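# Coordinate analysis (summary)
One-letter residues, chain by chain:
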Amino acid sequence: MSEKPTEDPTQASGDAPAAEGDDAGPSKKALKKAEAKAKKEAEKAKRAAEVKAREAAAKAAAGGGEDLAKDNYGDIHHTTKVDAEKVKLKDLGEQHLDKTVKLRGWIQNSRMQGAKMAFVEIREERNWSIQGVMAVSPEGTPVSKQMVKWTGGIRLESFVLVEALVKKPLEPVKSCRVSDYELHITKCYLIASGPEVLGMTLGAANKAVASFEDEDETAPTEAVKELSITDPAGAPAASLTTHLNNPVMHKRAPVQQAIADIRMTVRKLFAEFLESRDFVQFEPPCLIGAASEGGANVFGMKYFDKHAYLAQSPQFYKQFEIAGGRKRVFCIGPVFRAENSNTPRHMTEFTGLDMEMEIEESYVEVLETIESLMLYIFRGLEEKRSEEIELVRSVYPSEKFLLPEPGKEVRLTFAEGQKLLREEGPEEYRNVKDDEDMSTPQEKALGALIREKYKTDFYVLDKFPEEARPFYAMEDPANPKVTNAYDFFMRGQEILSGGQRIHTPEALEARIRKKGVDPNSTGIKEYVDVFRSAGVPPHGGGGIGLDRVVSWYLNLPSVHLSSYYPRTPKRLLP
């Protein structure tokens, strides 16, 4: 069978073919018709492509067909790049409006609104959070229905990277600290997923601790699964055990981060003030070869072929520094007490803020220095951490910490404090004695009286009874029944003990014997020998419990909330 000859387009249009060898080519009329036909076919093809694209977009938006936004979300890879400007929520402002930015943060809440819109709250640090909105694009890109569904399903407390356009919300977003802006998300990548079930939600972690009962730190985690809810506003409060058994969520809570920020500011203000007064910092050891201060409340351990202890105070080493030629010293570090006290006031490890200084005329020089130091810290907190203080008070309500007016600082002798309790305190304290140390309830009762009478939560008790002070405390030359020693109080609770130390070996050895301690026992003999080895000037100082300062200033229900990782007789984890 013969093949059908190819049709000549010029013949099909009725035009005569050009003669062989005719250099003129197709006629103008033929070219014009061919051009028109080609243009018509191109328009037809373009319309078909547009229809196909719209259909594909519609399918993508409906959740079917090709996902045109597939590259804009999902698990992050090493090749993922987001080129938008990096921004921190605390710096977000009008200059970012209608601009594309990128942000890393945790998903603290999420909700779907229908099938085409998702709302998420992204928290960056502390309580800096912002609302993110993701809505399906009509064209299926940059946001598809699949992308919205995936984003709305990200687990709480997952860490994500988003690209978004900064916009103004229709009304302020009350649930987020950044309330006047929102993020219209165009890209969302999962960096690290949260668990399927949280041991404790952020909402529960950011509420006041419900119970401080002394519980076993190894309590089963099943007991806290009920706290894994998605609505922070409705989260139940949790016990301290639940908090400490879920350290990550405990620490993510804005209230705990505020407490931690306040704590570090106290440390900085302590060092700042002392350095401005020519104090120099040193580092005492934590491992010592003998039970310090002759007490039994020390942790012992095997140390190679010897026995060692954890220091319960840097007291001796502060004095060694003074003996070594330093006039003013301070140190910051851990202190260990092997006391089986399971109360909100006690820990087996805490941070000590300690100072020691040479005395020129009177031990009152030391008292006044520490008093000025504490007032500097309190006023510095008001100035530097007012927002954090208010945040803590929103969770743990308390009255403002009252400070005395300049020049009207409250200093009472121990005997004067007891007299005030006898005359104006509760009935059970009508017979308290001047030569007996105060109990914790007595201290609190006196603190309430002083707040009412002097309008201050900070005060000093001086001249403590000789029997209530350690062997290195200097007795008052005018009255040996009391010492040149003092305690500082906040809201009726002691946060510092200090005073003048005995600086001559003969007097020191005599008082050691008076306290029933052998001056030749290991550790004590070496201590006394320091004062025999060279002349040591009169000196005094004090030791402050950082955890207590923070807790009492904020009036928290437990010092454990002020500690990063509290250690108690029943807790060594995390």
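Definitions and cut-offs
Every chain is numbered on its own, with residues counted from 1 as its sequence reads. Where totals are concerned, whole chains, interfaces and linings use all residues; where local detail is concerned, this predicted model gives features only for residues with pLDDT of at least 70, and gives and counts side-chain atom pairs only at 80 or more. Hydrogen atoms and water are omitted, and side-chain values are computed over all heavy atoms in the structure. UniProt positions are given in the numbering used here, feature names are shortened, and annotations may be inferred rather than shown by experiment. Secondary structure is summarised from DSSP: a helix means a run of H or I of at least four residues, a strand means a run of E of at least two, and numbering begins at the N terminus for each. Each residue is assigned to one of three classes by its accessible area relative to the maximum for its type, calculated with a 1.4 Å probe on protein chains only: buried under 20%, partly exposed between the two thresholds, exposed over 50%. Here, residues are in contact when the closest pair of their heavy atoms is within 4.5 Å. Residue exposure ignores everything except the shown protein chains as possible cover, and the areas themselves are Shrake-Rupley values with a 1.4 Å probe. Only when DSSP finds a minimum of two bridges between them are two strands counted as paired. Axis lines are fitted through C-alpha atoms, for helices just across the contact stretch, and the angle between N-to-C directions can take any value from 0 to 180 degrees. We call a set of buried residues a nonpolar core when its members are Ala, Val, Leu, Ile, Met, Phe, Trp, Tyr or Cys and they connect through side-chain atoms within 4.5 Å of each other. Salt bridge criterion: a side-chain nitrogen from Lys or Arg within 4 Å of a carboxyl oxygen from Asp or Glu. Candidates for patches are residues over 30% relative accessible area with no salt bridge; among them, like charges are joined within 9 Å and nonpolar side chains (Val, Leu, Ile, Met, Phe, Trp, Tyr) within 5 Å. By arc we mean the arc of the directions from the helix axis to the C-beta atoms, nothing more.

Under an unreviewed UniProt entry, the name given to the protein chain is Probable aspartate--tRNA ligase, cytoplasmic, and the organism recorded is Pestalotiopsis fici. The protein chain has a UniProt comment under Sequence similarities (unreviewed entry) that states "Belongs to the class-II aminoacyl-tRNA synthetase family. Type 2 subfamily." Per UniProt, the comment on the protein chain under Subcellular location (unreviewed entry) is "Cytoplasm".

All right, on to the overall build of the protein chain then. Of regular secondary structure, the protein chain possesses 15 helices and 20 strands. Sorting the 574 residues of the protein chain into buried and exposed places 45% on the buried side. A sequence separation of at least 24 residues applies to 69% of the contacts in the protein chain between residues at least 6 apart. Carbon and sulfur atoms provide 51% of the accessible area of the protein chain, an area that totals close to 29,700 Å².

Moving on, we get to unusual backbone geometry. Note the cis peptide between Thr-141 and Pro-142, where omega equals 10°. Tracing the backbone through its elements, the reader meets Pro-142 in the loop between strand E5 (128–135) and helix H3 (145–152). Omega for the bond connecting Leu-573 with Pro-574 falls within 30 degrees of zero, at -5°, which places this linkage in the cis form. Mapped onto the elements of the fold, Pro-574 is located in the segment after helix H15 (546–554). Unusually for a residue other than glycine, Asp-98 sits at a positive phi of about 65°. Structurally, the position occupied by Asp-98 is in the loop between strand E2 (85–86) and strand E3 (100–112).

Attention now moves to the sheet that holds strand E15 (residues 458–462). In space, the 8 strands of this open sheet follow the order E8-E12-E13-E20-E19-E18-E15-E14, with mixed pairing throughout. Edge positions in the open sheet fall to strand E8 (280–281) and strand E14 (411–413), since each of these has one partner strand only. Sheet analysis places strand E19 (residues 493–501) next to strand E20 (residues 539–545), joined by 6 bridges and oriented antiparallel. Counted as the bridge partner of Gln-500 is Gly-540 from E20. Against the sheet, helix H9 (residues 364–384) engages strand E13 (349–358), E14, E15, strand E18 (485–490), E19 and E20, with an angle of about 15° to E18.

A word on the nonpolar core. Met-374, Phe-378 and Phe-488 are the most contacted members of the largest nonpolar core, which totals 93 residues. With 10 residues, helix H7 (residues 254–276) is the single largest residue contributor to this core. Those residues in contact with Phe-378, other than ones at most four positions away along the chain, are Phe-401, Leu-403, Phe-458, Met-490, Val-549 and Tyr-553. Residues Leu-420, Met-438, Leu-449 and Phe-464 belong to the second largest nonpolar core, which totals 16 residues.

Counted under the stated rule, the structure contains 37 salt bridges. Across the salt bridge formed by Asp-457 and Arg-491, the nearest N and O atoms sit 3.9 Å from each other. Separated by 34 residues along the polypeptide, Asp-457 in the loop between helix H12 (440–454) and E15 and Arg-491 in the loop between E18 and E19 bring together distant segments of the chain. The partner of Glu-509 in a salt bridge is Arg-532, and the shortest N-O contact between them spans 2.3 Å. In this pair, Glu-509 sits in helix H13 (residues 505–514) while Arg-532 sits in helix H14 (residues 524–533), placing the two residues 23 residues apart along the sequence. Each of Glu-466, Glu-475, Arg-511, Lys-514 and Lys-515 takes part in salt bridges that share partners, so that together they form one network.

This part covers the sheet that holds strand E11 (residues 306–310). To summarise the sheet geometry, strands pair through backbone hydrogen bonds and adopt either a parallel or an antiparallel arrangement. What the 3 strands build is an open sheet, ordered E9-E11-E10; its pairing is antiparallel. With one partner strand each, in any of the chains shown, strand E9 (287–288) and strand E10 (299–303) form the two edges of the open sheet. Pairing geometry for E9 and E11, over 2 bridges, is antiparallel. Counterpart to Ile-288 in the pairing with E11 is Tyr-309.

A contiguous nonpolar patch, built from Leu-287, Tyr-303 and Phe-304 and spanning about 350 Å² of accessible area, is present on the exposed surface. Within the secondary structure layout, Tyr-303 lies in strand E10. Overall, Tyr-303 belongs to the partly exposed group, its relative accessible area being 38%.

With that out of the way, let us pick up H3. Taken as a whole, H3 has its buried residues at Met-147, Val-148, Thr-151 and Gly-152. For H3, the arc enclosing every buried residue in end-on projection is 125°, short of the 170-degree limit, so these residues lie on one face.

Another aspect to go through is the pairing of E20. Of all 7 residues that make up E20, 6 are buried, and the element is covered over most of its length. Pairing of E13 with E20, which is carried by 7 bridges, proceeds in the antiparallel orientation. In the sheet register, Asp-354 faces E20, and the bridge partner there is Gly-543.

Turning our attention to the environment of Gln-256. Position of Gln-256 relative to the elements: it lies in helix H7. Take Gln-256: its relative accessible area is 9%, and that puts it in the buried class. C-alpha of Gln-256 to C-alpha of Lys-207: the two residues are 49 residues apart in sequence and 10.0 Å apart in space. Leave out the neighbours within four places in its chain, and Gln-256 touches His-250, Lys-251 and Leu-561.

Our next topic: the pairing of E10. Direction of pairing for E10 relative to E11: antiparallel, over a ladder of 5 bridges. Among the inter-strand pairings, Met-301 is bridged to a residue of E11, identified as Ala-308. Between E10 and E11, which pair antiparallel and follow one another directly, the connecting turn spans 2 residues, one of which, Phe-304, has a positive phi of 55°.

A few words on helix H8 (residues 315–323). When we look at burial in H8, the residues that qualify are Gln-315, Phe-316, Lys-318, Gln-319 and Ile-322. Taken around the axis of H8, the buried residues stretch over an arc of 160°, which confines them to a single face. Residues of H8 that are buried in the fold lie against strand E12 (328–336), E13, E19, H14 and E20. Directly after H8, the chain includes Gly-325, whose backbone phi takes a positive value near 110°.

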